[in-house]
Amino acid sequence: MAASSSSSSSSSLHGSEYDVFLSFRGEDTRKTFVGHLYTALDQRGIRTFKDEERLERGKSISSEMVKNINESRIGVIVFSKNYASSSWCLDELVEILECRRTKGQIVLPIFYHVKASRVRYQKRSFAEAFRQHEENYKEDMERVKRWRDALKEAANLSGLDLQDAANGYEDKFIKNIVQVILEKLQPKPFRVAKYEVGIDARVDKIITLLDEDQLFVGICGIGGAGKTTVAKAVFNRKSKDFERSCFLEKVREELAKDGGLAKLQTKLLRETLRDQTITISDPDRGINEIKDRLGNKRFLLVLDDVDDQNMLQYFVEQEWFCSGSRIILTTRDKQLLEKYNVRTYHLKLLNESEALQLFSCHAFKREKPEDDYEELSHRAKDYAKGLPLALQVLGSLLYKRGKQYWSSILDKLKTNPPKEIKENVYRVLKISYEGLNEEEKDIFLDIACFFNGCHKKYVMNVSKLPESDVAVGIQILNERSLINMSEKNVVLMHDLIQEMGRGIVRQESKEPRERSRLWSCDDICHVFAENMVTEKIEAIMLPNNGLSLEGGLYVRADAFTKMRKLRILKINGVRLDGCLTDLSNELRYLEWDGYPQEYLPYNFHPKRHVQLHLPNSLIKGICTNSKVR
């Protein structure tokens, strides 16, 4: 079953300035109903635009008002007795309905002491208002017609009527409106998977655990089994049942970044409280913020890919939250779940039928193998042993290939059958890698070693290849399921695929100095400390957490003379022994926090544009002549 993708129209409202735009007749409702509604929305953290002055001096709404309408996710139209008497209100209505057609904006009509039929057919006070408009706009009757059509269109939409919904009680009516808006503001569903095979049955079992009276529920399994995929499906189905919800993805990866813990706490509070102004800078203070601001709310939180039990205390503790809240943890670490006494669902691999279906979806774009490929498909399915990632990658590799190519690939897999699932995955992934040309392999290894989670443009800028070639290469990697591209063009690589790629680089030589890429702190320290660099090294990126050596690392300046192919260099926190007189002219990216000299080497003439990041350095200029800019 293919997952449905979100429409392009709705995506244009992602990150809107306001959740709700209120359109109303000020004289009728400003100090009464609309004032109370605005307060109720604000108290629930719903960002609402309400024109405080409502100075309808012009004959048309202002460009600023049009902007506010366009930057709102929901247009709430409060139809009151004299709504149609205002040309300003009617112009707002026309613009709101236009946003509904072109941007997917949600429109919610509210009928306040007027019936929808009166609005639809312009009766009573609405009829009187249009008599006046036709007198005032004799030379612009087309505008009047647009107003009439807009009223009819809006009145035909599903809305809320004070008498029908709350029997005239405004307080109950406002609560009802707020609840409806909260439901409409639920986060857009995740795109779970391209083909959702075997997911529903697993989701049902996890939801059974969620329905029990226990705060924590765990999803545990090996890498590539689909823990995140299943968690997203659960989140899509259950988030609407909670006041607030948040999905924190790739927790382990985010925590490894500078300030990652505080950033995750910030994201948690911003999403659950719908307040983009919140910023956490100190994780210890973040603990209190989470406890104080979320403790009285019933919410659903997913912490995806957790591997450090000590970090959980910064997000969740049993006694913080009110009854009914649920926290889902996905992890490979069974001990972490046992420590927190978590009811755990151990994610099983796909059974024979599911595995064949998923493989067929990727290899044939249908749920069953083509007749001539049935035996070959079963061979591929048996090799993957039910691991979704392996089935996806192998199926994508064989898509639109002939039987001879299939046999060749499957024979290679058969020559040395792996003993464990993880070995299976690496072999399958390496076969995909070997199907790439040399330029595509270079792009793949750069991403695996350094740029997983980086923007596509960044990868294109630092590659040794022309940008157009990198763009094509990234597209091919995406088609082969070796990477995924986010909606914001961020390059994402599964951690198993990443480790496979790094393993390929390690296999270049037992000695780090003979490898093309260095990313391990230990390897970099070893190479520099022993002054064992060679011309084979193309890229060095020291991890953000820096060096493990006490007092840092001294690097001999002449080491850089030997690395003639070096194109990426990031060595924050090192000290230079001697005067740097040479740098590779292949450099595309240089990051050196605390660069110790006033100038880059005089004879440094990079062949292509190079990105320089030299914070906290002594640098005064690029060089002593003007050849490098």
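Computed from a predicted structure; not experimentally measured.

Draft legend 1. Highlighting the overall build of the protein chain. Counting secondary structure elements, the protein chain contains 27 helices and 19 strands. For the protein chain, the residues scored as buried account for 52% of the 629 residues in total. Long-range pairs, those at least 24 residues apart, make up 65% of the contacts in the protein chain between residues at least 6 apart in sequence. Accessible area of the protein chain: about 30,200 Å², with a carbon and sulfur share of 45%.

Draft legend 2. Broad picture of the pairing of strand β1 (residues 18-23). Within β1, five of the six residues are buried, leaving the element largely enclosed by the surrounding structure. Note that β1 and strand β3 (residues 72-79) share five bridges and pair parallel. Pairing of V20 across the sheet is with I74, part of β3. Sheet analysis places β1 next to strand β2 (residues 48-49), joined by two bridges and oriented parallel. Bridge pairing in β2 links V20 to T48.

Draft legend 3. Fine view of the packing of helix α3 (residues 33-43) against helix α10 (residues 170-184). The geometry of α3 relative to α10 is characterised by a closest axis approach of 10 Å and an angle of 45 degrees between their N-to-C directions. For the element pair α3 / α10, the angle class is oblique. The handedness of the crossing between α3 and α10 is right-handed. Where α3 approaches α10, its residues F33, H36, L37, A40 and L41 are matched on the opposing element by E170, F173, I174, I177, V178 and I181.

Draft legend 4. Local environment of the side chain of T331. Here T331 lies in strand β9 (residues 326-331). With near-sequence residues (within four places) excluded, T331 lies in contact with I219, C220, G221, K227, V306, D307 and L337.

Draft legend 5. Fine view of the confidence of the model for the protein chain. Averaged over every residue, the pLDDT of the protein chain is 85; residues scoring 70 or more account for 90%. Mean pLDDT across the elements of the protein chain ranges from a minimum in helix α1 (residues 8-11), with 36, to a maximum in strand β4 (residues 106-111), with 96. Within the model, the stretch residues 1-15 combines pLDDT values under 50 with 24 contacts to residues more than four positions away or in other chains. For the stretch residues 54-58, pLDDT sits under 50, and the model shows 13 contacts to residues farther than four places along the chain or on other chains.

Draft legend 6. Inspection of unusual backbone geometry at higher detail. For R124, which is not a glycine, the phi torsion comes out positive at approximately 50 degrees. By the element assignment, R124 lies in the loop between α6 (116-120) and α7 (125-136). At K400, a position not held by glycine, the phi torsion is positive, near 65 degrees. Locating K400 in the fold gives a position in the loop between α19 (388-398) and α20 (403-415).

Draft legend 7. Region of the structure containing helix α8 (residues 141-155). A rise of 1.5 Å per residue sets the reference length of α8, with its 15 residues, at 21 Å; its end C-alpha atoms lie 21 Å apart and thus fit the reference within 8%. Along α8, the residues that are buried comprise R143, V144, W147, A150, L151, A154 and A155. Angular distribution of buried residues about the axis of α8 spans 120 degrees; they occupy a single face of the element. In this fold, the buried residues of α8 make contact with β3, α5 (87-103), β4, α6 and α7.

Draft legend 8. Molecular detail of the sheet that holds strand β7 (residues 244-248). As summarised here, the arrangement of the five strands in space is β7-β8-β9-β6-β10, forming an open sheet in which the pairing is parallel. If you trace the sheet from one side to the other, it starts and ends with β7 and β10 (343-346), each paired once. With strand direction ignored, the average angle separating the axes of adjacent strands in the sheet is 15 degrees. Pairing analysis gives five bridges linking strand β6 (residues 216-220) to β9, with the strands arranged parallel. Paired with G218 across the bridge in β9 is L329.

Draft legend 9. Local environment of empty space enclosed by the protein. Here the structure, examined in full by the defined rule, presents one cavity of 30 Å³ or more. Roughly 40 Å³ of volume is contained in the largest cavity.

Draft legend 10. Focus on the pattern of salt bridges. Evaluation of the coordinates by the stated rule reveals 40 salt bridges. Measuring nitrogen to oxygen at the nearest pair gives 2.5 Å for the salt bridge that ties R343 to E212. Of the two residues, R343 sits in strand β10 while E212 sits in the loop between α11 (199-210) and β6, which places them 131 residues apart along the sequence. For R343, a relative accessible area of 36% corresponds to the partly exposed category. Note that D558 is salt-bridged to R556, the shortest N-O span being 2.9 Å. Judged by its relative accessible area of 34%, D558 falls in the partly exposed class. If you follow the salt bridges from partner to partner, you end up with D442, D446, K464, R517, E538 and R567 in one network.

Draft legend 11. Representation of the environment of C99 in the model. Residue placement: C99 occurs in helix α5. For the pair formed by C99 and I74, sequence separation is 25 residues and the distance between their alpha carbons is 9.7 Å. Contact partners of C99, with chain neighbours within four places excluded, come to I69, N70, G104 and Q105.

Draft legend 12. Spotlight on the packing of aromatic side chains. The full count for this structure, using the stated rule, is 21 aromatic pairs. Between F21 and F49 the ring centres are 5.3 Å apart and the planes differ by 10 degrees, which places this aromatic pair in the stacked class. Here F21, found in strand β1, pairs with F49, found in strand β2; they are 28 residues apart in sequence, far enough to count as distant. Among the residues examined, F21 registers a relative accessible area of 1% and is labelled buried. Members of the aromatic cluster, each reached through a chain of ring pairs, are F359, F364, Y373 and W406. A cation over an aromatic ring shows up here: R298 above the ring of F242, its NZ or CZ 4.5 Å from the ring centre.

The rules behind the values
- Residues numbered from 1 in each chain as written.
- Predicted model: local features only at pLDDT ≥ 70, side-chain atom pairs only at ≥ 80, totals over all residues.
- Heavy atoms only, no water.
- Helix = DSSP H or I, 4+ residues; strand = E, 2+ residues; numbered from the N terminus.
- Buried < 20%, exposed > 50% of the residue type's maximum accessible area, 1.4 Å probe, protein only.
- Contact = heavy atoms within 4.5 Å.
- Areas by Shrake-Rupley, 256 points an atom, 1.4 Å probe, with all protein chains shown as cover.
- Pairing = 2+ DSSP bridges.
- Axes fitted to C-alpha atoms, helices over the stretch in contact; angles between N-to-C directions.
- Parallel < 35°, antiparallel > 145°, perpendicular 65-115°, else oblique.
- Left-handed = near helix turned anticlockwise from the far one by under 90°.
- pLDDT = per-residue confidence, 0-100.
- Expected span 1.5 Å × (residues − 1).
- Arc of directions from axis to C-beta.
- 1 Å grid on protein atoms, 1.4 Å probe; cavity = no way out; pocket = protein on both sides within 12 Å on 5 of 7 lines; lining within 4 Å.
- Points joined across faces, edges and corners; volume = space filled by probe spheres on them.
- Salt bridge = Lys/Arg side-chain N within 4 Å of Asp/Glu carboxyl O.
- Phe/Tyr/Trp six-rings, centres within 6.5 Å; stacked < 30°, edge-to-face > 60°.
- Lys NZ or Arg CZ within 6 Å of the ring centre and 35° of its normal.

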